[in-house]
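Summary of the model geometry
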Amino acid sequence: EKITLKNQINELSGKLKDSVAKYESLLSENLQLSHKIMKIKSHIEHESKRNVIKDKAIENLKLKLDMVSNDYSNFKANTSWGREKWLEDTVLNDYFSAFEEAIERNDVVFYGPSLTLAIRFSTTEAIESLDLSTYFMNKFAFLCISDCADACREDGGTHWSLLFVDIGRKKAYHFDSMKSLNGCSAKIVAKNLGLEPDDVVEVPCIQQKNSYECGVHVLANVKYIANHYCEGNNNMPFMDWLKKSKLNDLNHLCCNQYKSLSASNNNKATT
């Protein structure tokens, strides 16, 4: 009987050890799950904060665009508004910011006339901005080239063109609606971004028939390329894609619409 009792005690002791081991294992798994849940909660909170910040930035941008539109309308209402009126640097800067907010990719950057001018003159502000935006980690870049000759005047331009850069392929494409008037400026900007003169391609595009449509050509080109080439995740070289696109047709349409709006006295339509 003593032997039997001893065996039973040993058996129960073994089961107790197994139970303790299982308990410790379950406790460890529970702690791991708790850590994972905490990480997930932290990630959700972080994403929520990011979304709030992004929504706030978009809201601020919309307010800024509304202010620009209102100022623009007031200006036209209080001055002799004629057909020969171009888009100013401030309007182009705001549109480029809006493009960057709207595009769904995070490897495309948009530099309006002000920053592009700073890059052209290699100012300290430009270098710092490039570092902050991690330019060379992006795939594409849109830059608004200006004919301004004064680095201290961000709003001194009278003609604008588009420089589209395929950063990965180290190629730049210049769209100028006035016979490459900004060709030299585009090559200087490209050089300051690490490209050679031969890497800049002058792209044949619709030419403006007056002195004020250049800004609309820039915006039409940016919107079409961003939406159809960049968003489309095209792997083909840009010029091959461009030959198959309807960019020139869209550009021509946008300019005709702009001329109609400029000729109208309806403030709502003009805005």
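From a predicted model like this one, the values you see are computed outputs, not experimental measurements.

Conventions we followed
Residues numbered from 1 in each chain as written. Predicted model: local features only at pLDDT ≥ 70, side-chain atom pairs only at ≥ 80, totals over all residues. Heavy atoms only, no water. Helix = DSSP H or I, 4+ residues; strand = E, 2+ residues; numbered from the N terminus. Buried < 20%, exposed > 50% of the residue type's maximum accessible area, 1.4 Å probe, protein only. Contact = heavy atoms within 4.5 Å. Areas by Shrake-Rupley, 256 points an atom, 1.4 Å probe, with all protein chains shown as cover. Pairing = 2+ DSSP bridges. pLDDT = per-residue confidence, 0-100.

A look at the overall build of the protein
Along its length, the protein carries nine helices and five strands. Counting from the amino terminus, helix and strand elements in the protein follow one another as α-α-β-α-α-β-β-β-α-β-α-α-α-α. Taken across its 271 residues, the protein has 37% of its residues classed as buried. Considering only contacts within the protein whose residues lie at least 6 apart along the sequence, 68% involve residues at least 24 apart. Split by element, the accessible area of the protein, about 16,900 Å² in all, is 55% carbon and sulfur.

Observations regarding the pairing of strand β4 (residues 171-175)
β4 sits mainly inside the fold: four of its five residues count as buried. Sheet topology places strand β3 (residues 160-166) next to β4; five bridges connect them, and they run antiparallel. Note that in β4 the partner of Asp166 across the bridge is Lys171. Here β3 folds back onto β4 in antiparallel fashion, the turn holding four residues, of which Lys170 has a positive phi close to 55 degrees. Pairing geometry for β4 and strand β5 (residues 200-203), over four bridges, is parallel. Residue pairing for β5: Phe175 is matched across the bridge by Val203.

Some words on the confidence of the model for the protein
Of the residues in the protein, 75% have a pLDDT of 70 or more, and the chain-wide mean is 78. Looking across the protein, the model is least confident in helix α9 (residues 267-270), with a mean pLDDT of 35, and most confident in β4, with 96. Here residues 260-271 is a poorly scored stretch, pLDDT under 50, and it has twelve contacts once near neighbours within four places are set aside; other chains count.

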